[in-house]
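# Inside the fold
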Amino acid sequence: MNVTSETKYMNPYLAGVFLGLVLLVAIYVTGRGLGASGAVKSGVIACVDAIAPTHAANTAFYSEYEESHSGSVWKTWLVFEVIGVLVGGFISGLISGRLKFKIERGPNITNKTRIIFAIIGGALFGIGAQFGRGCTSGAALSGMAVMSAGGILTMFAIFGMGYALAWFFCKLWL
Amino acid sequence: MGPLVPGLINGELNLVVALLVGLGFGFVLEQAGFSSSRKLAGLFFGYDFVVLRVFFTAGITAMIGVVVLSHFGWLDITRIYINPTFLYPAIVGGLIMGAGFITGGFCPGTSVCAAATGKIDAMAFIFGTFIGVFGFAEFYPLFREFFVSSNFGAPLLSDVLGVSRGVFAFLMTAMALVAFVATNIIEKRVNGVKTTPISLGTTRSVIIVGAVAIIGFVMIFMPDIKTASFAKASKLSSDVVLKQAEAIDPDDLVVKLLNRDRLIQVIDVRTADEFKASHIPSARNIPYDELANPEWRTVLQKADVLNVFYGTDEVQAGRASLMSKYLDDNSVNKILPEGFAQFKSQYIDFDATSTKDESILRFRTKAKTELQVLLEDETKAPPPPPKAPKIVGGC
């Protein structure tokens, strides 16, 4: 396996310290950690609200969200944070010369297979993040920083399941 | 004292902060190589452990930061968002996400970052997350019961394990270090020794282990501000307490009470039962043992308001006033230099035959009736219970 491109990336421990400091600033300033999947939830709710408002009003998931959140679903903290991630990732890619349209996949699968499995993986994450009250950033990373029992448990479950299934999906990546 | 939201930063400004935090988040993720699904998936096949390194270093940095900030009283950890624990949903959700990770090669945060650099597979992944959430929403009534089951509130893992936050942070750091070394060996073996992406040299290892040992030592002996203030105030000898606590003249206090002075608040640190039996009019009861609890912070730390403490004796009041000072250095605290019983006999139950001094007699007789009026007013409108600040967060 060739990993020579690694030299272009930041030292992972240094990157970890920076990421930890970003998280710490978020906790210090806003009292909450990072997140990502919550923004997707806002997006889904806004779409359903726009396309089928009566359906949104009659379905428990949406109406419970409306009850517990006030104001526009777009004007939420996580939506703005994810927009920031998009911009931050773009700037970083621009500086390091990594902006390029491409499909990254294992050597033994087609682009089509890669896209199908990416969608499946995303869907699983979308569902899992609801049960886990957050994804890798919101539940696992931020949960770890504040020592939340549930967050750390979710973290171990995510990585544990990844390893448990690695053998079955090795064709996708190796 | 953090967090600055809500309070110093609100509304739109908080959204600007969100944007900036996200900017830093996205930038670091991309710099670390998280925009590549093959790098991310490498974690599960042993050829690239960058995810583990960045993730654990970040988690531990932030965790230690939170412990240190709260120790120095710069961050009120009772006001930060702690992810709730729904035990079985947390496990099942994690397992589903783990399956998503190995098939999709991203997690939601990294997929956004990767999409920003043009990865089409990441865009497909994001599309998938929308489908997933939409599916969940549509079938929500089916899972609803499980979704809200085994709710344990928001416990800290350190509390569950019965160790202090400092010890827990130290254990996690030690665990991460072991993982770093182990994965480094695995990675070398999987990739062949020639490619050594990041090697921990001997000197560097010594420095890291030494630094962690020092941090660990400090953290184990570092109690949080609440425990520390409480222990400190309770440990001092009575002499020291009385020397350090500032007293208010009882007559002055009575004059201020009768004038309904809004810039003082009288705090009774005796037990709730003692308070119920009898107390100084307009006083607020905060039992000594509860004084350091977070719900009283806002009460004790009102700007420009003088806290006047009294208890069964002046030493108890003194300890309370010092504790208030430790909790917030800006608070202004005084004590009634006598126990409640003495104050009661001198003012509330003043006996006119006890003194021959004309001016004292006149003042205290007048005070007795007016204090009685205050007490009646108070029963009509008792002070509102303390409010714990609302905490928002989560995915």
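All of the points below concern the structure found in this document.

About the criteria used
Residues numbered from 1 in each chain as written. Chains lettered and ligands numbered in written order. Predicted model: local features only at pLDDT ≥ 70, side-chain atom pairs only at ≥ 80, totals over all residues. Heavy atoms only, no water. Core = buried A, V, L, I, M, F, W, Y, C linked by side-chain atoms within 4.5 Å. Buried < 20%, exposed > 50% of the residue type's maximum accessible area, 1.4 Å probe, protein only. Helix = DSSP H or I, 4+ residues; strand = E, 2+ residues; numbered from the N terminus. Contact = heavy atoms within 4.5 Å. Expected span 1.5 Å × (residues − 1). Pairing = 2+ DSSP bridges. Polar contact = N/O pair within 3.5 Å; in protein donor to acceptor, adjacent residues only side chain to side chain. Axes fitted to C-alpha atoms, helices over the stretch in contact; angles between N-to-C directions. Buried area = accessible area lost by both parts, 1.4 Å probe. Salt bridge = Lys/Arg side-chain N within 4 Å of Asp/Glu carboxyl O. Nonpolar A, V, L, I, M, F, W, Y, C, P; charged D, E, K, R; others polar.

### Notes on the nonpolar core
In terms of nonpolar packing, the biggest core is built from 94 residues, with Leu19, Leu34 and Met144 of chain A touching the most fellow members. Per element, the largest residue contribution to this core is 14 residues, and it comes from helix H3 (residues 50–71) of chain B. Residues in contact with Met144 of chain A, not counting those within four places in the same chain, are Ala139, Ile152 and Met155 of chain A together with Phe55, Phe56, Gly59, Ile60, Met63 and Met172 of chain B.

### Side note on helix H5 (residues 77–95) of chain A
Compared with the 27 Å implied by 1.5 Å per residue over 19 residues, the 27 Å span of H5 of chain A between its first and last C-alpha is a close match. Of all the positions in H5 of chain A, only Trp77, Leu78, Val79, Glu81, Val82, Gly84, Val85, Gly88, Gly89, Ser92 and Gly93 of chain A are classed as buried. Contacts from the buried residues of H5 of chain A go to helix H1 (12–30) and helix H2 (37–51) of chain A together with helix H1 (11–32) and helix H5 (108–116) of chain B.

### Side note on the pairing of strand E1 (residues 264–268) of chain B
All names here are of chain B. By the criterion of burial, E1 is predominantly enclosed, with five of the five residues buried. Neither face of E1 is open: one carries Ile264, Val266 and Asp268, the other Gln265 and Ile267, and all of them are buried. Examined bridge by bridge, E1 and strand E3 (residues 306–310) share five bridges and lie parallel to one another. Opposite Gln265, over in E3, you have Asn307 as the bridge partner. By the bridge criterion, two bridges tie E1 to strand E2 (residues 284–285) in an arrangement that is parallel. Bridge pairing in E2 places Ile267 opposite Arg284.

### A closer look at the side chain of Ser150 of chain B
All names here are of chain B. Mapped onto the elements of the fold, Ser150 is located in the loop between helix H7 (140–147) and helix H8 (157–161). In this structure the side chain of Ser150 is engaged in a polar contact, spanning 3.0 Å, whose partner is the backbone nitrogen of Tyr88. With near-sequence residues (within four places) excluded, Ser150 lies in contact with Thr85, Phe86, Leu87, Tyr88 and Pro89.

### Focus on the sheet that holds E2 of chain B
Residue and element names in this part refer to chain B. Here we have four strands laid out as an open sheet, ordered E2-E1-E3-E4, and parallel in their pairing. Where the open sheet ends on each side, the last strands, each with one partner, are E2 and strand E4 (332–335). When E3 meets E4, the two strands line up parallel, connected through four bridges. Across the sheet, residue Leu306 finds its bridge partner in E4, namely Val332. Sitting on the sheet, helix H16 (residues 314–327) is in contact with E3 and E4, with an inclination near 175° to E4.

### Here we look at the interface of chain B and chain A
Counting residues at the interface gives 130 residues for chain B, matched by 124 residues for chain A. Buried surface at the junction of chain B and chain A, both sides included, amounts to about 11,500 Å², of which 75% is carbon and sulfur. Counting across the interface, chain B meets chain A through four salt bridges. Here Asp121 of chain B ties to Arg114 of chain A by a salt bridge, and the two come within 3.0 Å at their closest N and O atoms. Counting across the interface, chain B meets chain A through 39 residue pairs in polar contact (both at pLDDT 80 or more). By residue number, the principal contributor to the side of chain B that touches chain A is H1 of chain B, which donates 18 residues. Of the residues contributing to the side of chain B that touches chain A, the split by class is 85 nonpolar, 33 polar and 12 charged.

### Things to note about the side chain of Asn184 of chain B
In this fold, Asn184 of chain B is placed in helix H9 (residues 165–191). Among the polar contacts listed, one links the side chain of Asn184 of chain B to the side chain of Arg53 of chain B, at a separation of 3.4 Å.

Read these as geometric descriptors, not functional statements.
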